[in-house]
Structures are given as C-alpha cells and as structure tokens.
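# Chains, contacts and geometry: an overview
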Amino acid sequence: MTARIPLSAPDITEAEVAAVTAVLRTPYLSQGSELAAFEAELAAYHDVDHAVAVSSGTAGLHLALLTLGVGEGDEVILPSFTFVAVVNAVLQVRASPVLAEIDPVTLNLDPAAVEHAVSPRTRAILAVHTFGIPAQLDVLKELSRRHQLLLIEDASEAIGARFDGRIAGSFGDLAVLGFYPNKQITTGEGGAVLLRDSAHAARLRRLRNQGRDSSPDASPDASVDWLDHVEPGYNYRLSELACALGRVQLQRIDEILALRRQAAERYDALLADVPGLVRPPLLLPRRELSWFVYVVRLPEGADRERVQAALVRRGIATGRYFAPIHMQPVWRASNMTGVGHFSLTESIARRTLALPFFNRITEGQQREVANALREAISSVA
Ligand SMILES: Cc1ncc(COP(=O)(O)O)c(C=O)c1O
C-alpha cells in the first residue's frame, strides 16, 4: 500500500525533465558529455581532483576498496549501525569487516572504539557519515595516519555536510557518494567515488567499464581498442540520462539542503513537547549537517511496531533505520570478525524511527505526522 505521506520522495522539477529529455534527443545515452560534466562538477563541489560516477553507492564502495588494494586477509573497521551495503562491499572484496561501537550523539563511529578495534591486520577505516552528520574526521584522520591505515569516507548520506568548514568527502583517501532516490540528490540509481590520486581515478574508470583502458568517446584515436580489456572489471557505468539528472540536482543542492534543514527545524519544534522522545540534534559543534533523514528515538519502552502500525493506519510511512549489521538475519548466526557487544548500538537501534522527510514536505503534513506520532506513543505506552 502506498502511503499518503511517504517516507521519502525525490524532488524533480521541470529542469530535470528537460535535461533528461534533451539527452534522449541525442544518440549518446552512455559515456558521453553528461558523464564528463557531472564528474567535473562533483569534483569541483567537493574540492577534490577527481569524481568517478558509478551505477550505485554500493558499486562505489566496492571499487574504492578494490582500487586501494583492500582484500583477503585485511580487516576494515566500520560501524554496525549502518546500511548493509557497507558491509556487503567489504565482503565482496573478501576482506573482514570489524564492527565498532558508535557515538550516542552523532551515531557515527566512536574513535575510541575504532582505536580499540585496530589490529595488525587492519587496513582501513570506513567512516560513514550517518544520517548526514559528519563523523569525527579530525580524530579518525589522525588515527588512520598513526596506524598507517586507509581512511574511506562513505558520504552517501551526507552530500554537502561539513566538518570544520571542510566538505565531507574531501578528508579520506577516497570517498563514496550514493544517489538513490531517497538521498538529498538523486540520479535514480547511482553513485560516485571522490579522490585526489590520478592513477587511482584511471583505475576506477577502468574497473567500472569491464577493464577497458579507455572509452572510444574519451579518446577515439587511442591505441587500446574498445574491445581490449586490460584487467578484469565490471559494468558499473552510469548512463547519460542519470548524469543529466544528477547535474541539475547538483546545481540545486543549496536550495535542496536549505529545504531539508527547514523541514528538520519544523519537526524539532512540532515534536518538542512529546515526553521521552529524543529528537536528532539540529546543531553540533564543528559540523554543518546535511539532512538525509529525520530519525527520532522513541521513548524507552514504547512499542515501535505498534507505533508504526498506528501511523500506517493513517497513511503515514515510517522506517526503522537501522537494524544493526550484527543483528541482521543473514549474519546473526555467523561469526563475523570483531562482533562483540554493542550495547549502545543495540539500545539506540531498538528505538529509532525515521519520519516522513523530503524536500517538499509541507508544514501541514509534518503537523499531521507529529500529532499522529504523539497520539500513537501515548496510546501504546
Ligand atoms: C551509508 C550508505 N552507504 C552506501 C549506500 C549504498 O548506496 P546504493 O543504494 O546507491 O548502492 C547507502 C544507501 O543507500 C548508504 O546509506
């Protein structure tokens, strides 16, 4: 059943429709000028030298790990409180995920827990900027330097966020973005890898395109032929239509982030009087947030499923956001390396609830959500 007030909704204007339609009037539906322009614009926005667009955030994580040479025998530290794509990418390169506890305010990796998780096999820290809040990047960067580890940022949920004034995605050896339709900007499906190293950028472009050294469009006279594959690769290309869509969305990013901030501020005011409800922080020291989702913590003891069911009956969609990785059915019974006790992650994850949140959500819709939530909480308490 489609919810009357959905959890998320893409914000597509006539400008996006026109840009995608214009591509359809050309013969270039893949690997053309939209890709090159989108990559250049993403790199400029993030103050890095290269952006390599790929077919999803997960593909970006996979290629980031491959390009940095992370593989069998290596450990990668990541939060358990995150989206499953992060751990899947680590497993895809046959490395071992090592889960670490989070900070209760930012819901990001707790640097002390990361330090504790470092072993002689650790190769990388995968810092996810959860829900658009930048991780503690200064400490994680210093820690990765001291232990000679790679720092990979997963900024899929945090495009435009800043730490100490510097944009998320520009701190690590590599960073990954995701453009699924629930994200701040979308390409339908899609993602990108951000980086400074030119050799790594060339490798990423090769790996996303079946191991081809160059595309015919990029260098028509290249000695390497379209059918010459210099290493095993993948099809992780992003179409011209997706890139055209992404370019317009990126042009609108300031407006989009402002709309989302306003929506978050409205929820903050509307929910302030709900007893026991923990609202997400609107302001955090040293950070500029990029609002991805609006996730509250229900009062202790409130039955989340019953709250969700009560909201669904009124046509309001919600999400659990996230069931910790180590508690996912697929890994609950397994011996995932580093799985210990994550009491904070578990106690927070039990209570989280994502409310409808998108650029064009109206104050009336938000009031309705807040009232329904208040009533649901009091009736199931
Ligand atoms: C933190 C994080 N990493 C990676 C991904 C994967 O992105 P995609 O769905 O584009 O593969 C997502 C989201 O959807 C995400 O939230």
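Residues numbered from 1 in each chain as written. Predicted model: local features only at pLDDT ≥ 70, side-chain atom pairs only at ≥ 80, totals over all residues. Heavy atoms only, no water.

## A closer look at the overall build of the chain
Helices and strands together make up the secondary structure of the chain, namely 13 helices and 12 strands. For 381 residues, the compact-globule estimate of 2.2 N^0.38 gives 21 Å, and the C-alpha radius of gyration of the chain, at 21 Å, lies within 12% of that figure. Across its three principal directions, the C-alpha atoms of the chain cover 70 × 55 × 40 Å. With 381 residues in all, the chain has 55% of them scored as buried. In the chain, once contacts between residues fewer than 6 apart in sequence are set aside, the share between residues at least 24 apart is 72%. Working note: accessible area of the chain is about 16000 Å², and carbon and sulfur atoms make up 52% of it. (Helix = DSSP H or I, 4+ residues; strand = E, 2+ residues; numbered from the N terminus. Rg over C-alpha atoms; globule rule 2.2 N^0.38 Å. Buried < 20%, exposed > 50% of the residue type's maximum accessible area, 1.4 Å probe, protein only. Contact = heavy atoms within 4.5 Å. Areas by Shrake-Rupley, 256 points an atom, 1.4 Å probe, with all protein chains shown as cover.)

## Description of the pairing of strand β1 (residues 50-54)
Counted residue by residue, β1 has five buried out of five residues, so it is predominantly covered. The alternating pattern of β1 places His50, Val52 and Val54 on one face and Ala51 and Ala53 on the opposite face, and all of these are buried.

## Some thoughts on the site of the ligand
The full set close to the ligand counts 13 residues, and Gly57, Thr58, Asp154, Glu157 and Lys183 are the nearest of them. One nitrogen or oxygen atom from the side chain of Thr58 is found 2.4 Å from an oxygen atom belonging to the ligand. Within the side chain of Glu157, an N or O atom sits 2.6 Å from an oxygen atom of the ligand. The protein chains hide 92% of the 380 Å² of surface that the ligand would expose on its own. Only α3 (57-67) and α4 (84-92) provide two or more residues apiece to the shell around the ligand. Considering each element in turn, the shell around the ligand owes the most residues, three residues, to α3. (Near = heavy atom within 4 Å. Polar contact = N/O pair within 3.5 Å; in protein donor to acceptor, adjacent residues only side chain to side chain.)

## Description of the sheet that holds strand β8 (residues 174-178)
As summarised here, the arrangement of the seven strands in space is β1-β9-β8-β5-β4-β2-β3, forming an open sheet in which the pairing is mixed. The sheet is open, and its two borders are formed by β1 and β3 (96-100), each paired with just one other strand. Taken over all neighbouring pairs, the strand axes of this sheet differ in orientation by 25° on average, direction set aside. Each of β1, β4 (122-128), β5 (150-154), β8 and β9 (191-195) is contacted by α3, which is oriented at about 165° to β8, the strand it contacts most. Where helix α7 (residues 198-208) meets the sheet, it contacts β1, β8 and β9, and its direction lies at approximately 10° from that of β1. (Pairing = 2+ DSSP bridges. Axes fitted to C-alpha atoms, helices over the stretch in contact; angles between N-to-C directions.)

## Description of the domain arrangement of the chain
Entries for the chain in the domain assignment read domain 1 (14-251) and domain 2 (253-380). One C-alpha centre belongs to domain 1, the other to domain 2; they are set 26 Å apart. Between domain 1 and domain 2, the buried area comes to about 3400 Å², and carbon and sulfur atoms account for 62% of it. Per-residue buried area on domain 1 facing domain 2 is highest for Phe81, Phe131 and Gln184; these three make up 19% of the total on that side. In this structure, Asp164 and Arg286 form a salt bridge, with 2.7 Å as the shortest nitrogen-oxygen distance. Applying the counting rule to domain 1 against domain 2 returns 17 residue pairs in polar contact (both at pLDDT 80 or more). Of all elements in the fold, only β2 (75-79), α4, β3, β6 (162-163) and α8 (240-251) reach the threshold of two or more residues within the side of domain 1 that touches domain 2. If one sorts the elements of the side of domain 1 that touches domain 2 by residue count, β3 sits on top with five residues. Residues of the side of domain 1 that touches domain 2, tallied by class, amount to 25 nonpolar, 13 polar and seven charged. (Domains from an automatic or database assignment. Buried area = accessible area lost by both parts, 1.4 Å probe. Salt bridge = Lys/Arg side-chain N within 4 Å of Asp/Glu carboxyl O. Nonpolar A, V, L, I, M, F, W, Y, C, P; charged D, E, K, R; others polar.)

## Focus: the nonpolar core
Val70, Val76, Leu78 and Leu126 are the most contacted members of the largest nonpolar core, which has 34 residues in total. Sort the elements by how many residues they give to this core and α3 lands first, with five residues. Looking at this core, you find at least three residues from each of domain 1 (14-251) and domain 2 (253-380). Look past the residues within four positions of Val70 in its chain and what remains in contact with it is Leu65, Val76, Val93, Ala95, Arg123, Ala124 and Leu150. By size, the runner-up hydrophobic cluster in this structure holds 32 residues, among which are Leu270, Val274, Leu353 and Phe357. (Core = buried A, V, L, I, M, F, W, Y, C linked by side-chain atoms within 4.5 Å.)

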